[in-house]
Amino acid sequence: TENVGLFRRGFFVRPDHPLAAQSSLDIGDLLGFPRAISYPLPDKVIDTIKQVYGIGTLNTLFHLKSNHHDALLDLMLKGDTIVFGASIAYFNQIRSGSIVQLDVVPQFPDDMPLIVSHLAGRTMPKAMETLADSLRSWISAVDASEDQDEPVPQDFQTYPYVEFD
């Protein structure tokens, strides 16, 4: 088993958002702004959001739920929308500085290790080796300096899902 990366969940905004430069924000500080969330999410993540931020339902905190990456990105970049999502979905934008993660306390617990695993004592299948090498390269590209010429690969797209409250 090899942990090849760790992706964080949190609240993301454009760098000139009114809250971007503030530290130790609490959930109440976000309430004056539109809020969206990447959705659907595993039940465990939903339960953790409710527990960590003291809400009864996602609708209490978020005005919009969507799995459409570009729509959420547009809302962040073209307005004051705060998006709760995973850093893996916004690697290019985080790396380029076009979005930043807010310093919200408490921070959502780390729950997204990227792990490559295979059975002990067995040779890893060639396809798995290729996938693991690709993941390592991708993570290295993301962690590389800002001067890197090649773009970091985008996340996989799914069919759009949008739900308004």
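Below is a summary of the structure that appears in this document. This structure is a prediction, so every number in the text was calculated from the model and none was measured. (Residues numbered from 1 in each chain as written. Predicted model: local features only at pLDDT ≥ 70, side-chain atom pairs only at ≥ 80, totals over all residues. Heavy atoms only, no water.)

1. Focus on the pairing of strand S5 (residues 82–86)
Where a strand is regular, its side chains alternate between the two sheet faces.
Point 1. Burial analysis of S5 places five of its five residues in the buried class, the great majority of the element.
Point 2. In S5, alternate side chains face the same way, and those of Ile 82, Phe 84 and Ala 86 on one face and Val 83 and Gly 85 on the other are all buried.
Point 3. When strand S2 (residues 9–13) meets S5, the two strands line up antiparallel, connected through four bridges. Each residue of the ladder has a partner; that of Phe 12, found in S5, is Val 83.
Point 4. Both strand S3 (residues 35–38) and S5 contribute to a ladder of three bridges, which runs parallel. By the bridge assignment, Ile 37 is partnered in S5 with Phe 84. (Buried < 20%, exposed > 50% of the residue type's maximum accessible area, 1.4 Å probe, protein only. Helix = DSSP H or I, 4+ residues; strand = E, 2+ residues; numbered from the N terminus. Pairing = 2+ DSSP bridges.)

2. A closer look at the pattern of salt bridges
Point 1. Applying the stated criterion across every chain, the model contains three salt bridges.
Point 2. As a salt-bridge pair, Arg 14 and Asp 16 come within 2.5 Å of each other at their nearest N and O atoms.
Point 3. On the basis of relative accessible area, Arg 14 is assigned to the buried category, the value being 14%.
Point 4. The class for Asp 16 is exposed, based on a relative accessible area of 59%.
Point 5. For Asp 74, the salt bridge is made with Lys 78, and the minimal N-O distance between the two is 4.0 Å.
Point 6. Judged by its relative accessible area of 70%, Lys 78 is exposed.
Point 7. Linked by salt bridges that have partners in common, Arg 14, Asp 16 and Asp 80 make up one network. (Salt bridge = Lys/Arg side-chain N within 4 Å of Asp/Glu carboxyl O.)

3. What to know about the environment of Ser 38
Point 1. Along the chain, the position of Ser 38 falls in strand S3.
Point 2. Sequence-distant contacts of Ser 38, that is, excluding residues within four places in its chain, are made with Ser 66, Leu 72, Phe 84, Gly 85 and Tyr 90. (Contact = heavy atoms within 4.5 Å.)

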